[in-house]
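Examination of the molecular architecture
Next come the chains, spelled out residue by residue.
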Amino acid sequence: MIALTLAEVAQIVGGRVVGEATRRVTGPVVTDARQCAPGSLYVARRGEHADGHDFVAQAGERLAAGALTDRPVPGLACVVVPDVQAAFAALAGEVVRRVPGLAVVAVTGSSGKTSTKDLLASVLGAHGPTVAAQESFNGEVGVPLTALRVEPDTRFLVLEMGARAVGDLRYLTSIVAPDLAVVLNVGAAHAGQFGSLETTARAKAELVTGLAPEAVAVLNADDPRVSAMAAQTRAGVVTFGTTPTADVRAEHVHLDARARATFALRTPDGGSAQVRLNLHGEHHVSNALAVAAVALHLQLSLEQVATALSAAQATSRWRMQVSQRADGVVVVNDAYNANPDSMAAALRALANMARGRRSWAVLGEMRELGDVSEEEHRALGRLARELGIDELVVVGE
């Protein structure tokens, strides 16, 4: 984080310092006292199962510079505020605003957020100091934590933003306003919370409805609910997809024996470059196109984008991780999360990889699907049969 004294932190968040106000925050901002390092700022949030104030002393033992609290706690200098979460968010927003020339990219969608965020971090990171969300840090804690990792020389900030209800993305974008907002898709994930695909689309559209006129909405032209968001934003719009009308599109997509895609990356000015992904599954073509649209807007050349996409490796665990055992069995671990779209994509990748070999799909239960749960599970069973998966093992209700 940008170095600040506790007095400066208090001024930003509207708090008061109890203790030594000149102490400097030079280490990471954390919400887990066990992760404190010398110079850290510990954010003492109240969670469902624990009160962070109970661990302020532990943060002090780890030489934290101070804590953000709603009451004074002995053993460590505190910036005391009425609402810790509100202060946490305000600090994140101000720190981002203090980085000159920083480009903020936010990604949302029913599936593919983390893979796309990882691709963005890889492509942009090859051309400038980049901070990106770790794992799936995409909520009211993860977004501020990621934003507070920026340094004075950070050029790109890549945020993953998730939503479980209408209003979530509006809140997250109020913390850090994106310069580029990517909407990947609208699917049945969390249908139990949203109630319908229409409500899901309304929630996802919040990423672009509040954009400034000089910002850019990057929208999936292959998803009608996403492409319709172009009419809901004041910002500029760039589209991506395989449809011929997309601004950034893929043509001549081919999958190799490990379901890794090769395609021609086309741009609005008639440019073309060959991309060969190291990621497994045709669904990564759409993710790569979203990344290309962002990178091209940020002035990377077509050749630089194609080269960086082709060099990118999977970085987040349990997302289409492919390994081969000594006996020749290929294991695909895509177990991080389960929703109808991601499971269907994984099954299609398995079918492509297993041509001429025996295939087994081991599928866990999909949660939070509400009234469509039974039909969505049955649909995946039908898809496994249609794809020719040899054996299906299911775990759960």
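Residues numbered from 1 in each chain as written. Predicted model: local features only at pLDDT ≥ 70, side-chain atom pairs only at ≥ 80, totals over all residues. Heavy atoms only, no water.

Details of the nonpolar core
Soluble, globular proteins show a tendency: their nonpolar side chains are buried together. Rule in force here: We define a nonpolar core as any set of buried Ala, Val, Leu, Ile, Met, Phe, Trp, Tyr and Cys residues linked to one another through side-chain atoms lying within 4.5 Å. Remark: exposure states derive from per-residue accessible area (1.4 Å probe, protein chains only) relative to the maximum for the residue type, with buried under 20%, exposed over 50%, and partly exposed in between. Numbering goes from the N terminus for both helices and strands, where a helix is a DSSP run of H or I of at least four residues and a strand is a run of E of at least two. Any pair of residues with heavy atoms lying within 4.5 Å of one another is described as a contacting pair.
In terms of nonpolar packing, the biggest core is built from 58 residues, with Leu 68, Leu 157 and Val 208 touching the most fellow members. Tallying contributions element by element places helix α3 (residues 84-97) first for this core, with eight residues. If near-sequence neighbours (up to four positions away) are discounted, Leu 157 is found in contact with Val 96, Leu 102, Ala 103, Val 104, Val 105, Val 131, Thr 146, Ala 147, Val 150 and Val 176. Val 105, Ala 132, Leu 265 and Leu 279 belong to the second-largest nonpolar core, a separate cluster that totals 44 residues.

Quick notes on the packing of helix α1 (residues 6-13) against α3
Rules: Geometry is summarised by axes, namely lines fitted to C-alpha atoms with helices restricted to the contacting stretch, and by angles between N-to-C directions that run from 0 to 180 degrees. Our angle categories are set so that under 35 degrees counts as roughly parallel, over 145 as roughly antiparallel, 65 to 115 as roughly perpendicular, and the remainder as oblique. Charged residues are taken to be Asp, Glu, Lys and Arg, nonpolar residues to be Ala, Val, Leu, Ile, Met, Phe, Trp, Tyr, Cys and Pro, and polar residues to be all remaining types, Gly included.
Packing of α1 against α3 brings their axes to within 9 Å, and their N-to-C directions diverge by 105 degrees. In terms of orientation, α1 lies roughly perpendicular with respect to α3. Listed contacts from α3 to Val 9, Ile 12 and Val 13 of α1 are Ala 87, Ala 90, Leu 91 and Glu 94. Taken together, the residues that form the contact of α1 with α3 break down as six nonpolar, no polar and one charged.

Considering the pairing of strand β6 (residues 66-69)
The criterion, for reference: Being paired, for any two strands, means DSSP has found at least two bridges between them.
The alternating pattern of β6 places Gly 66 and Leu 68 and Ala 67 and Thr 69 on opposite faces, both of which are buried. In terms of strand pairing, strand β5 (residues 41-43) meets β6 through three bridges, oriented parallel. Residue pairing in the sheet places Val 43 in a bridge with Leu 68 of β6. Where β6 lies against strand β7 (residues 78-80), three bridges are found, and the strand directions are parallel. Opposite Thr 69, over in β7, you have Val 80 as the bridge partner.

Some words on the sheet that holds β7
Sheets are built from strands paired through backbone hydrogen bonds, the pairs being either parallel or antiparallel. Spatially, β2-β7-β6-β5-β4 is the arrangement adopted by the five strands of the open sheet, whose pairing is mixed. Because the sheet does not close on itself, it has two edges, and the strands there are β2 (16-18) and β4 (29-30).

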